[in-house]
Amino acid sequence: MTQDELKQAVAQAAADYVAANAPAGSIIGVGTGSTANFFIDALAPLKDRYKGAVASSEATRKRLEGHGIPVLDLNDVDDIPVYVDGADEVDAGLNMIKGGGGALTREKIVAAVAGTFVCIADGSKLVDVMGRFPLPVEVIPMARAHVARELARLGGKPVLRTGFVTDNGNLILDVGGLSISDPKALETQINQIVGVVTNGLFAVRPADVLLLGTSEGVRRIG
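Residue-level account of the sheet that holds strand S6 (residues 114-122), with values.
With respect to topology, 6 strands assemble into an open sheet ordered S2-S1-S3-S6-S12-S13, the strand pairing being mixed. What marks the edges here is a single partner per strand, and that holds for strand S2 (52-55) and strand S13 (217-221). With direction set aside, neighbouring strand axes in the sheet form an average angle of 25 degrees. Note: strand S3 (residues 80-85) against S6, 5 bridges, orientation parallel. Across the sheet, the residue bridging to Asp85 is Cys119, located in S6. Across the face of the sheet, helix H1 (residues 3-21) comes into contact with strand S1 (27-30), S3, S6, strand S12 (209-214) and S13 while running at roughly 160 degrees to S6. Helix H3 (residues 58-66) rests against S1 and S2 of the sheet, and its axis sits at about 160 degrees to S2.

So what's going on with the pairing of S6? Residues and values would help.
For S6, the tally of buried residues reaches 7 of 9 residues, placing the bulk of the element in the interior. For S6 and S12, the ladder comprises 5 bridges, and the chain directions are parallel. Its bridge partner lying in S12, Val118 is registered against Val209.

I'd like a rundown of helix H5 (residues 144-153), residues and numbers included.
Residues Val147, Ala148 and Leu151 constitute the buried set of H5. Seen end-on, H5 carries its buried residues on one side only, within an arc spanning 100 degrees. In this fold, the buried residues of H5 make contact with strand S7 (135-139), strand S8 (157-160), strand S9 (171-176), helix H6 (183-191) and strand S10 (196-199). Count one or two residues on from H5 and you reach Gly155, which has phi positive near 100 degrees.

With reference to specific residues and values, describe the pattern of salt bridges.
Following the criterion strictly, the structure yields 11 salt bridges and no others. With its nearest N and O atoms 2.8 Å apart, the salt bridge here joins Arg61 to Glu58. On the criterion of helical spacing, the pair formed by Arg61 and Glu58 is a turn pair, its members being 3 residues apart in helix H3. Under the relative-accessibility criterion, Glu58 is labelled partly exposed at 32%.

Run through the environment of Lys47, naming residues and quoting values.
Mapped onto the fold, Lys47 is located in the loop between helix H2 (34-43) and S2. Taking the relative accessible area as the measure of exposure, Lys47 reaches 32% and is therefore partly exposed. When the C-alpha atoms of Lys47 and Ala185 are compared, they prove to be 39 Å apart, with 138 residues separating the residues in sequence. Beyond its immediate sequence surroundings of up to four residues, Lys47 is in contact with His67, Gly68 and Ile69.

Describe H6, with residues and values.
Three or more residues of H6 are buried, namely Pro183, Leu186, Glu187 and Ile190. One side of H6 holds all its buried residues, which, seen down the axis, span an arc of 105 degrees. Residues of H6 that are buried in the fold lie against helix H4 (104-113), S7, H5, S10 and strand S11 (201-202).

Residue-level account of the nonpolar core, with values.
Membership of the largest hydrophobic core comes to 26 residues, with the highest contact counts inside it found for Val18, Val30, Phe39, Val84, Val118 and Ile120. For this core, the elements supplying multiple residues, two or more each, are H1, S1, H2, S2, S3, S6 and S12. In terms of residue count, H1 provides more of this core than any other element does, 7 residues in total. Ile120 has contacts with Val10, Ala11, Ala14, Thr35, Ala36, Phe39, Val84, Asp85, Gly86, Ala87 and Leu211, leaving out every residue within four places of it along the chain. Val77, Val90, Leu94 and Ala121 belong to the second-largest nonpolar core, a separate cluster that totals 22 residues.

Outline the sheet that holds S11, listing residues and values.
Strand order in this open sheet of 3 strands is S4-S5-S11, and the pairing throughout is antiparallel. The sheet terminates laterally at strand S4 (89-90) and S11, the two strands that pair on one side only.

The rules behind the values
- Residues numbered from 1 in each chain as written.
- Predicted model: local features only at pLDDT ≥ 70, side-chain atom pairs only at ≥ 80, totals over all residues.
- Heavy atoms only, no water.
- Pairing = 2+ DSSP bridges.
- Helix = DSSP H or I, 4+ residues; strand = E, 2+ residues; numbered from the N terminus.
- Axes fitted to C-alpha atoms, helices over the stretch in contact; angles between N-to-C directions.
- Contact = heavy atoms within 4.5 Å.
- Buried < 20%, exposed > 50% of the residue type's maximum accessible area, 1.4 Å probe, protein only.
- Arc of directions from axis to C-beta.
- Salt bridge = Lys/Arg side-chain N within 4 Å of Asp/Glu carboxyl O.
- Core = buried A, V, L, I, M, F, W, Y, C linked by side-chain atoms within 4.5 Å.

Listed below in structure tokens is the structure:
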């Protein structure tokens, strides 16, 4: 199977999971990226079952609305039973690196509200130790140089994502050179650097369920 076919398979599995676990009339959290886009497409036939969705980015909002799925402001939502999103890396503990698409802060906010976080990914994203994929860190523009120096002191190699501004008006430093043996501790440590909005480690609030696309079919972990 091609990578897109694996993504389509896990996206359909996620739509099936939502249908089985999110009550009719509820609001679904939807992430950002290529795998999340396949999920939106798979969710579209079920749109009349749900009140709408909360989007983690402007790109996701546009795709949802293109399918006729109402998009709600998170401030107007009290409960999200299921949030579905992809990952750039995920380990056996369902800790993740996210933010390759630049929506890490909004993704983290929606995940914090969700009752169940379902990660959808193809098999190549499951790793023993995270860090090969550069860790995105969203930063306030005036703090870029300061944050980069602090990240270097932690052993990372921060590189500014050129030509990119987040939906929040901030910059992203992509940090290579890390071997992340304690993702929860590193997530907390980086978030304490003044000028950091958040970083792409999802370990304090990891996924609850991983749907992994493999050549043998979709594997569920959690």
